[in-house]
Amino acid sequence: MHDKLRQLRSREISIRSGSVEFVKVNTDAWKWRDIYRWLLGLNWPQFAGFVGAVYVSLNLLFAVLYSIDPNSVAGRTSTSWFLDCFFFSVQTLATVGYGHMYPQTLYGHLVSTVEIMTGIFLIAVMTGLIFVRFSRPVARVVFSRSMVIGPLNGKPTLMVRVGNENHHSMVEAKFRIMFSRDQELIEGGDFRYFYDLGLHFDQITVFPAALTLRHEIDEDSPLHGATIESLEAGRALFFVSVVGIDPVIAAEVQTQKDYTWRDVQFGHRFVEIYQEHKGEARRLTVDYGRLHDTEPVKS
């Protein structure tokens, strides 16, 4: 018994955060309430496949129960008794009423009663899940594929570009960049350190299109003196997050992206994506097709 409990606790649980996968072992046992979060975490094709599998499985189960008693359902319409039971189960589970077939024995009435209650419960749960999935706010924010480190106004600066893909402005947007790396300890070995990188601005009242987040690398910056080799040695990671309010649904939205040391380009900058219309100083074109493009900095 003790060995079984130990085996259950040592079950591996995989969690992916961006490009990094964490495998948890020796955690508490899985709980039934966790299925709610699991279902909400599925994408739409996976969710539709799950609902379809549950629906077909339940109908097959009740078709088997009906077929145990050949007299439980009256009004047979096909040459296959099991097929009749299956489609009778489909009608009963959906509580749509009966056509030619109907329960005629006590056993048939009991099974159909259980199935109707199951159908009501299933419809209520699926309706709630679908509503939550549709109503859940999503931040349509795109991040540049890479980060760049290059001179800006004569000073080395870490930069990453973010763009709002919604057809309306995000308001009260807040931005954050966190830097993580391994550092050696005087006692031996290394330890993972996390740093908040100070930005030229970390919040903005209105976020309508695209902008570049900037961290100046001075003597106090944890990136001072960093090279691609030092970032690789420290297994550097960068986490960029955006939190704001979607004014259409009046709800807070958030999203994030992580970058590894491989995603950092030294000596580059982002190309210009804003273009002012001639004679229209208050109208700007933003080319999202070039949001990821960079160019070497001229020395």
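What you see is a predicted model, and the numbers here were worked out from it, not measured in a lab. (Residues numbered from 1 in each chain as written. Predicted model: local features only at pLDDT ≥ 70, side-chain atom pairs only at ≥ 80, totals over all residues. Heavy atoms only, no water.)

With respect to the overall build of the protein
Where we set the bar: Helix and strand assignments come from DSSP, with helices taken as H or I runs of at least 4 residues and strands as E runs of at least 2, each series counted from the N terminus. Each radius of gyration reported is based on C-alpha atoms, and the globular scaling rule is 2.2 Å times the count of residues to the power 0.38. Only protein chains enter the area calculation, which uses a 1.4 Å probe; residues under 20% of their type maximum are buried, those over 50% are exposed, and those in between are partly exposed. Any two residues whose heavy atoms approach within 4.5 Å at even a single point are treated as in contact. To be clear on the numbers: accessible area is Shrake-Rupley with a 1.4 Å probe, and residue cover counts the displayed protein chains and nothing else. When charges are counted, Lys and Arg are positive and Asp and Glu negative, with His and the chain ends excluded. Here the site of a charge means atom NZ of a Lys, CZ of an Arg, CG of an Asp or CD of a Glu.
If you tally the helices and strands in the protein, you get six helices and 18 strands. The globule rule puts the C-alpha radius of gyration for 299 residues at 19 Å, and the 29 Å found for the protein is more than 25% above it. Dimensions along the principal axes, computed over C-alpha positions, put the protein at roughly 90 × 65 × 30 Å. Buried residues in the protein amount to 31% of all 299 residues. Within the protein, contacts between residues separated by at least 24 positions form 61% of all contacts whose residues are at least 6 apart in sequence. Only carbon and sulfur atoms are counted for the fraction: they give 58% of the accessible area of the protein, which is about 19,200 Å². Across the protein, the mean location of the 30 positive side-chain charges is 4 Å away from that of the 32 negative side-chain charges.

Digging into helix α3 (residues 44-68)
Selection criterion: In this analysis, the expected span of each helix is defined as 1.5 Å times one less than the number of residues it contains. Under this definition, polar contacts are N or O atom pairs within 3.5 Å; protein pairs additionally need one hydrogen-donor-capable and one acceptor-capable atom, and for neighbouring residues in sequence, both atoms have to be side-chain atoms.
For α3, built from 25 residues, the straight-helix expectation of 36 Å at 1.5 Å per residue is met to within 8% by its first-to-last C-alpha distance of 37 Å. Residues F47, L58, N59, F62, A63 and Y66 constitute the buried set of α3. If you follow the buried residues of α3, they end up packed against α2 (34-41), β3 (73-74), α4 (81-93) and α5 (106-135). Regarding α3, its N-cap is N43, as a side-chain oxygen of that residue lies 2.9 Å from the backbone nitrogen of Q46 further along.

So, the nonpolar core
Within soluble globular proteins, side chains that are nonpolar tend to cluster in buried spots. Using the following cut-off: Residues belong to one nonpolar core when they are buried, are Ala, Val, Leu, Ile, Met, Phe, Trp, Tyr or Cys, and are joined through side-chain atoms within 4.5 Å.
Judged by nonpolar contacts, the single largest core of 30 residues is most densely connected at V162, F175, L223 and F238. Contributing elements (two or more residues each) for this core: β5 (141-143), β6 (147-152), β7 (155-164), β8 (170-184), β11 (210-216), β12 (237-246) and β13 (251-260). Top contributing element to this core by residue count: β8, with five residues. With near-sequence residues (within four places) excluded, V162 lies in contact with V141, V142, F143, F175, F207, A209, A210, L211, L213 and V242. Judged by nonpolar contacts, the second largest core, of 19 residues, contains L39, F62, W81 and L129.

What about the pattern of salt bridges?
Side chains that differ in sign of charge can pair as their charged atoms come close. Quick reminder of the rule: Criterion for a salt bridge: a side-chain nitrogen of Lys or Arg within 4 Å of a carboxyl oxygen of Asp or Glu.
Here the structure, examined in full by the defined rule, presents six salt bridges. A salt bridge links D182 to R235; the shortest N-O distance between them is 2.6 Å. One end of the pair, D182, is in strand β8; the other, R235, is in the loop between α6 (228-233) and β12, and 53 residues separate them in sequence. Take D182: its relative accessible area is 15%, and that puts it in the buried class. You can call R235 exposed: its relative accessible area is 53%. A salt bridge links D293 to R290; its shortest N-O distance comes to 3.8 Å. Here the salt bridges do not stand alone but share partners, grouping D182, R192 and R235 into one network.

Some points on the packing of aromatic side chains
The test is simple: Planes of paired rings set the category: under 30 degrees apart is stacked, over 60 is edge-to-face and the rest tilted, where pairs are Phe, Tyr or Trp rings (Trp by its six-membered ring) whose centres lie within 6.5 Å.
Applying the stated rule across the entire model yields eleven aromatic pairs. With centroids separated by 5.0 Å and ring planes inclined at 45°, the aromatic side chains of W44 and F134 adopt a geometry described as tilted. In this pair, W44 is assigned in helix α3 and F134 in helix α5, connecting sequence segments 90 residues apart. With relative accessibility at 64%, the residue F134 sits in the exposed group. Between F175 and F207 the ring centres are 5.6 Å apart and the planes differ by 80°, which places this aromatic pair in the edge-to-face class. Here the residue F175 occupies a position in strand β8, and F207 occupies one in strand β10 (residues 203-207), the gap between them amounting to 32 residues. Exposure class is identical for F175 and F207. Each is buried.

Remarks on unusual backbone geometry
A positive phi angle, near 50°, is found at E172, a position not held by glycine. Mapped onto the elements, E172 comes out in strand β8. Non-glycine residue R235 carries a positive phi angle of around 50°.

Remarks on the environment of E216
As for its position among the elements, E216 is in strand β11. By relative accessible area, E216 is classed as partly exposed at 26%. A C-alpha to C-alpha distance of 7.7 Å links E216 and G198, two positions 18 residues apart in sequence. If sequence neighbours within four positions are ignored, E216 has contacts with K155, P156, T157, G198, H200 and S221.

Observations regarding a nonpolar patch on the surface
Applicable threshold: To count toward a patch, a residue needs a relative accessible area above 30% and no salt bridge. Like charges then connect within 9 Å, nonpolar side chains (Val, Leu, Ile, Met, Phe, Trp, Tyr) within 5 Å.
Taken together, the side chains of Y55, V56, L60, V64, I68 and F82 present a nonpolar region at the surface, about 500 Å² in accessible area. No other element matches α3, which puts five residues into the nonpolar patch. Residue placement: L60 occurs in helix α3.

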